[in-house]
Amino acid sequence: MKLKKLAALAAAAVLSVSMFAGCGGGQSTSTSGSQSSSTSGKKKVIGFAQVGAESGWRTAETASIKEIPKLDPNFELKFSDGQQKQENQIKAIRSFIAQKVDIIALDPVVENGWDTVLKEAKDNKIPVIIVDRNVKVADESLITAFLGSDMEEEGKRAAKIIIDKFGKDAKLNIAELQGTVGSTAMVGRKKGFDETIKDCPNYKIIKSQTGDFTRAKGKEVMEAFLKSDGDKINVLWSHNDDMAVGAIQAIEEYGKKPGKDIFIVSVDGIKDMFQLMADGKSNGIVECNPLLGPQLLDISKQVLSGNLKDKNVKSKEGVFTQDQAKAELPNRKY
Ligand code: GZL
């Protein structure tokens, strides 16, 4: 009888631990590579709180991050999909703290509202690496390192594609599809773009609204733009490719030619967008690199060994115009 009772207690304990790892709110998984080869035998655990799965870019980033245990079997990854809700990401971080992970990595859906939970991580001596989008916190010491793109530079590059095409003196009516409100991707891209077109007195952003980085919302908002100003709009500036893909569908259904009647520029560099540009339906792509897994692993190793080389690591990315699309398409990995 005693053995049976012990077995039942052990089973209940295992069940409660795995449920607790559920991080509440989002969806969570735990992956590790083959058997650890480190001398201590204990794997290093990275807890990654992801924004969601809203775009092709995000899917590619998630796939790259999930590669980490394969790149180095000494590392295990606990992954949480925040479903684009900050409260889910905060719950995930608290769960990672409770599970005593070695590193917390966060791709923050928005830039504000992280001070309290990141202080809890610091109080529990767990280093935090911010990935892709950034956070605004009062105490910079809450952040051990940042890895990601210069979003303002991406906005500037998008504006320069338009200026190179039309010149600074052209008269343009621009429709803008903004990314998720309050995300550094949206804030930075808008800031960079707006600052760059200040030199172009007749560039007017006549419509601007968020499409939340998704295809569906991008199409819906573009339909509304066309309904009110379809005959005035001659440029579409989209903060990411997925919203531009949706907008292109709306433009065609409206009876106009995307890439010809309306000049289109977007950010990310997903394969679908390169295909559309190769088909002449878009005019410029500013690349934003989602393949951040190897760099996150490298920075995690530096942090854990106490020799972080650079607190701010920018990802490398380019700019592509329609004439380059066909040649570049086969190189696209996501
Ligand atoms: C940018 C990233 C953005 C992408 C979108 O670094 O955070 O979020 O541009 C994604 O596709 O939704």
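It should be emphasised that the depicted structure is a prediction, and the values quoted were computed from it without experimental measurement. (Residues numbered from 1 in each chain as written. Predicted model: local features only at pLDDT ≥ 70, side-chain atom pairs only at ≥ 80, totals over all residues. Heavy atoms only, no water.)

Asker: Report on the packing of helix H8 (residues 215–229) against helix H9 (residues 241–254), specifying residues and quantitative values.
Answerer: Closest axis-to-axis distance for the H8/H9 pair is 7 Å, and the angle between their directions is 40°. Between H8 and H9, the interaxial angle falls into the category oblique. Once H8 is placed against H9, the crossing between them reads as right-handed. Judged by residue contacts, Arg215, Gly218, Lys219, Met222, Glu223 and Leu226 of H8 engage Asp242, Met243, Val245, Gly246, Ala247, Gln249, Ala250, Ile251, Glu253 and Tyr254 from H9. (Axes fitted to C-alpha atoms, helices over the stretch in contact; angles between N-to-C directions. Helix = DSSP H or I, 4+ residues; strand = E, 2+ residues; numbered from the N terminus. Parallel < 35°, antiparallel > 145°, perpendicular 65-115°, else oblique. Left-handed = near helix turned anticlockwise from the far one by under 90°. Contact = heavy atoms within 4.5 Å.)

Asker: Give me the lowdown on the pairing of strand S8 (residues 203–210), citing residues and values where you can.
Answerer: Relative to S8, strand S7 (residues 172–178) runs parallel, the two sharing seven bridges. In the strand pairing of S8, Ile174 is matched with Ile205. As a crossover connection, the stretch from S7 through helix H7 (residues 184–196) into S8 is right-handed. (Pairing = 2+ DSSP bridges. Right-handed = clockwise from strand over helix to strand, strands pointing away.)

Asker: Before we move on, can you summarise the pattern of salt bridges with the specific residues and values?
Answerer: One pass over the full model with this rule turns up 29 salt bridges. Here Lys217 makes a salt bridge to Glu220, at a shortest N to O gap of 3.2 Å. Placement of the pair is Lys217 and Glu220 together in helix H8, with a separation of three residues, close to one helical turn. Taken together, the shared-partner salt bridges in this structure form one network comprising Glu54, Arg58, Glu61, Asp107, Asp132 and Arg133. (Salt bridge = Lys/Arg side-chain N within 4 Å of Asp/Glu carboxyl O.)

Asker: Outline the nonpolar core, listing residues and values.
Answerer: Formed by 32 residues in total, the largest nonpolar core has its most connected members in Leu177, Met222, Phe225, Leu236, Ile262, Ile264 and Met273. When contributions to this core are tallied by element, the ones reaching two or more residues are S7, H8, H9 and helix H10 (271–278). When residues of this core are assigned to their parent elements, the largest contribution, seven residues, is made by H9. The next biggest cluster of nonpolar side chains, apart from the first, holds 25 residues, and it includes Val109, Val110, Val117 and Phe146. (Core = buried A, V, L, I, M, F, W, Y, C linked by side-chain atoms within 4.5 Å. Buried < 20%, exposed > 50% of the residue type's maximum accessible area, 1.4 Å probe, protein only.)

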